[in-house]
Amino acid sequence: MSDENDPTEPEGGPHLRVVAMPRDTNPSGHIFGGWTLSQMDLAGGIFAAARAKGPVATVAIDAMKFLRPVDVGDEVSCWCSVAEEGDTSLKVKIETWARDRTSDKAQKVTEGIFTFVALDEQGRPRKVGDA
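A brief structural summary. (Residues numbered from 1 in each chain as written. Predicted model: local features only at pLDDT ≥ 70, side-chain atom pairs only at ≥ 80, totals over all residues. Heavy atoms only, no water.)

Some points on helix α1 (residues 33-52)
Right, so step 1: Between its first and last C-alpha, α1 extends 28 Å over 20 residues, near the 28 Å set by a 1.5 Å rise per residue.
Right, so step 2: Taken residue by residue, α1 has W35, T36, Q39, M40, A43, G44, G45, F47, A48 and A52 as its buried positions.
Right, so step 3: With its phi angle positive at about 60°, K53 sits one or two positions after the end of α1. (Helix = DSSP H or I, 4+ residues; strand = E, 2+ residues; numbered from the N terminus. Expected span 1.5 Å × (residues − 1). Buried < 20%, exposed > 50% of the residue type's maximum accessible area, 1.4 Å probe, protein only.)

Focus: the pattern of salt bridges
Right, so step 1: Enumeration according to the criterion identifies eight salt bridges in this entry.
Right, so step 2: Linking E75 and R17 is a salt bridge whose minimum nitrogen-to-oxygen distance equals 3.7 Å. With a gap of 58 residues between them, E75 in strand β3 (residues 75-85) and R17 in strand β1 (residues 16-19) connect regions that are remote in the sequence.
Right, so step 3: Since its relative accessible area comes to 16%, E75 is described here as buried.
Right, so step 4: The salt bridge involving R99 is made with E75; its shortest N-O contact spans 3.0 Å. With R99 in strand β4 (residues 89-99) and E75 in strand β3, this pair connects stretches of sequence that are 24 residues apart.
Right, so step 5: The network of salt bridges with common partners includes K93, E95, K108 and E111. (Salt bridge = Lys/Arg side-chain N within 4 Å of Asp/Glu carboxyl O.)

Considerations on the packing of aromatic side chains
Right, so step 1: Inspection of every chain in the model, using the stated rule, returns one aromatic pair.
Right, so step 2: Centre to centre, the rings of F114 and F116 are 6.4 Å apart; their planes meet at 15°, and the pair counts as stacked. (Phe/Tyr/Trp six-rings, centres within 6.5 Å; stacked < 30°, edge-to-face > 60°.)

Considering the sheet that holds strand β5 (residues 107-118)
Right, so step 1: As summarised here, the arrangement of the five strands in space is β1-β3-β4-β5-β2, forming an open sheet in which the pairing is antiparallel. Edge positions in the sheet fall to β1 and β2 (56-66), since each of these pairs with one other strand and no more. Strand-to-strand twist in this sheet, taken as the mean axis angle between neighbours without regard to direction, amounts to 25°.
Right, so step 2: Sheet topology places β3 next to β4; 10 bridges connect them, and they run antiparallel. Note on β4: the bridge partner recorded for E85 is L90.
Right, so step 3: Relative to the sheet, α1 contacts β1, β2, β3, β4 and β5, its axis offset from that of β5 by approximately 50°. (Pairing = 2+ DSSP bridges. Axes fitted to C-alpha atoms, helices over the stretch in contact; angles between N-to-C directions. Contact = heavy atoms within 4.5 Å.)

Side note on the pairing of β3
Right, so step 1: Where β1 meets β3, four bridges bridge the pair, whose relative direction is antiparallel. Within β3, the position partnered with R17 by the bridge is S77.
Right, so step 2: Taken together, β3 and the strand that follows it, β4, pair antiparallel across an intervening segment of three residues.

As structure tokens, this is what we get:
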């Protein structure tokens, strides 16, 4: 995991960008952690499928860490990178950053390691990169 106090967004563009909406709030007025987790899974799945050259399934989420809340209206961005690659699976590090739409400064709100398995047409594990 990276230093949670590092104010620098990852390089390159995000793999997913979305605005947090009022329907996704908890009773405290912040965005549900489950909504954020869902956005991370979507971003990681897109990234892993491209790397695996085909369908993937999420099989584990490790080292998940919520650092600060996400507020309604925040622009939420997820950056993905390969943490580890096996024969049939990929561990993807996903960092999520939020930015108030009136600001140009984002803050890291969560990070985690998601494991995806490459799947064949029958839904069985296959080698990463085999189409």
